[in-house]
Amino acid sequence: MAAAVGASGPSKVARMTSMPLRNLCLAGMALLVAACAGEERRTTPLDQRNVERLAAVRVDPAAASRILNAYRASRSLSPVRLDPALTAMAQRQADAMVAANTLSHEAGGSFQARVHAAGLDAARAAENLGAGYYSTEEAFTGWRNSAGHDANLRMAEATRFGIALAKDPRTQYRAWWALIIAGDAPKRQELSAGPVGYFGSNLPAPR
């Protein structure tokens, strides 16, 4: 786990996890992140300026693709494509963090459990989380400035990613981000042996 806190403006925090899915059962145990108890939601009147600023925050998938692929290209890495399944998985995690009011890979269940629930078939997958960022660009800057998150962005096997945002002005960080990046399904090979024959009604018609 890595964490980065912004020096000014709204509090900013990031967390990450990464694991090869073929070793998921073993690696997952070493990479579980303990969930902190969620903060109490704000009950005092909200500052209208903060509410309006938060309302303007949007996740920009096109900008995310451009930023991530430009960064990967600068490191001689192949591009990644936006993937609907990973985007949906990221959205569930962002929503879960808002509901729990805590930045944790466990907010929506362990990464291992969420990968299985989503039916994700990939050789390797990783997750970056962030909170308190008010733009797609700001979120990526925070991740690039953290060694663990940066390693996930530079995953050599990656071919696809999903990014999502959830918001609630009453929560601790207001804006909650999740990015999931993964490779394609591992290559599989099937072999068959034996003579080719006719079975059942597939016999050739008599001449």
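Since we're looking at a predicted model, the values are computed, not measured.

Parameters and conventions
- Residues numbered from 1 in each chain as written.
- Predicted model: local features only at pLDDT ≥ 70, side-chain atom pairs only at ≥ 80, totals over all residues.
- Heavy atoms only, no water.
- Helix = DSSP H or I, 4+ residues; strand = E, 2+ residues; numbered from the N terminus.
- Expected span 1.5 Å × (residues − 1).
- Buried < 20%, exposed > 50% of the residue type's maximum accessible area, 1.4 Å probe, protein only.
- Contact = heavy atoms within 4.5 Å.
- Core = buried A, V, L, I, M, F, W, Y, C linked by side-chain atoms within 4.5 Å.
- Salt bridge = Lys/Arg side-chain N within 4 Å of Asp/Glu carboxyl O.
- Phe/Tyr/Trp six-rings, centres within 6.5 Å; stacked < 30°, edge-to-face > 60°.

### Thoughts on helix α4 (residues 84-100)
Phase 1 of the analysis: The first and last C-alpha atoms of α4 sit 24 Å apart over 17 residues, in line with the 24 Å expected at 1.5 Å per residue.
Phase 2 of the analysis: For α4, the complete set of buried residues consists of Leu86, Met89, Ala90, Gln93, Ala94, Ala96, Met97 and Val98.
Phase 3 of the analysis: On its buried side, α4 packs onto α5 (111-117), β3 (124-131), β4 (160-167) and β5 (175-182).
Phase 4 of the analysis: Residue Asn101 follows α4 closely and has a positive phi angle near 55°.

### Quick notes on the nonpolar core
Phase 1 of the analysis: Ranked by size, the top nonpolar core spans 23 residues in total, and within it Phe140, Trp143, Phe161, Ile163, Trp177, Leu179 and Ile181 carry the most contacts.
Phase 2 of the analysis: Elements with a contribution of two residues or more to this core: α3 (61-74), α6 (136-144), β4 and β5.

### Regarding the pattern of salt bridges
Phase 1 of the analysis: In total, this model carries six salt bridges according to the counting rule given.
Phase 2 of the analysis: As a salt-bridge pair, Arg81 and Asp184 come within 3.2 Å of each other at their nearest N and O atoms. Here Asp184 lies in the segment after β5 and Arg81 lies in strand β2 (residues 81-82), a separation of 103 residues in the sequence.
Phase 3 of the analysis: On the accessibility criterion, Arg81 (41% relative accessible area) is partly exposed.
Phase 4 of the analysis: By relative accessible area, Asp184 is classed as partly exposed at 36%.
Phase 5 of the analysis: For Asp184, the salt bridge goes to Arg160, with nearest N and O atoms at 3.8 Å. In this pair, Asp184 is assigned in the segment after β5 and Arg160 in strand β4, connecting sequence segments 24 residues apart.

### Some remarks on the packing of aromatic side chains
Phase 1 of the analysis: In total, this model carries two aromatic pairs according to the counting rule given.
Phase 2 of the analysis: Summarising the aromatic geometry, the rings of Phe140 and Trp143 are spaced 5.4 Å apart at their centres and angled 85° between planes, so their arrangement reads as edge-to-face. With Phe140 and Trp143 both in helix α6 and three residues apart, the pair spans about one turn of that helix. One exposure class covers both Phe140 and Trp143, and it is buried.
Phase 3 of the analysis: For the pair Tyr173 and Trp176, a centre-to-centre distance of 5.5 Å together with 75° between the ring planes defines the contact as edge-to-face.

### Some thoughts on unusual backbone geometry
Residues apart from glycine generally show negative phi values, whereas peptide bonds are mostly found in trans.
Phase 1 of the analysis: Not every positive phi belongs to a glycine, and Asn101 is a case in point at roughly 55°.
Phase 2 of the analysis: Along the polypeptide, Asn101 turns up in the loop between α4 and α5.
Phase 3 of the analysis: Here Asn101 falls in the buried class, since its relative accessible area comes to 0%.
Phase 4 of the analysis: A positive phi angle, close to 70°, is found at Arg174, a residue other than glycine.
Phase 5 of the analysis: Here Arg174 shows up in the loop between β4 and β5.
Phase 6 of the analysis: Residue class for Arg174 comes out buried when judged on its relative accessible area of 17%.

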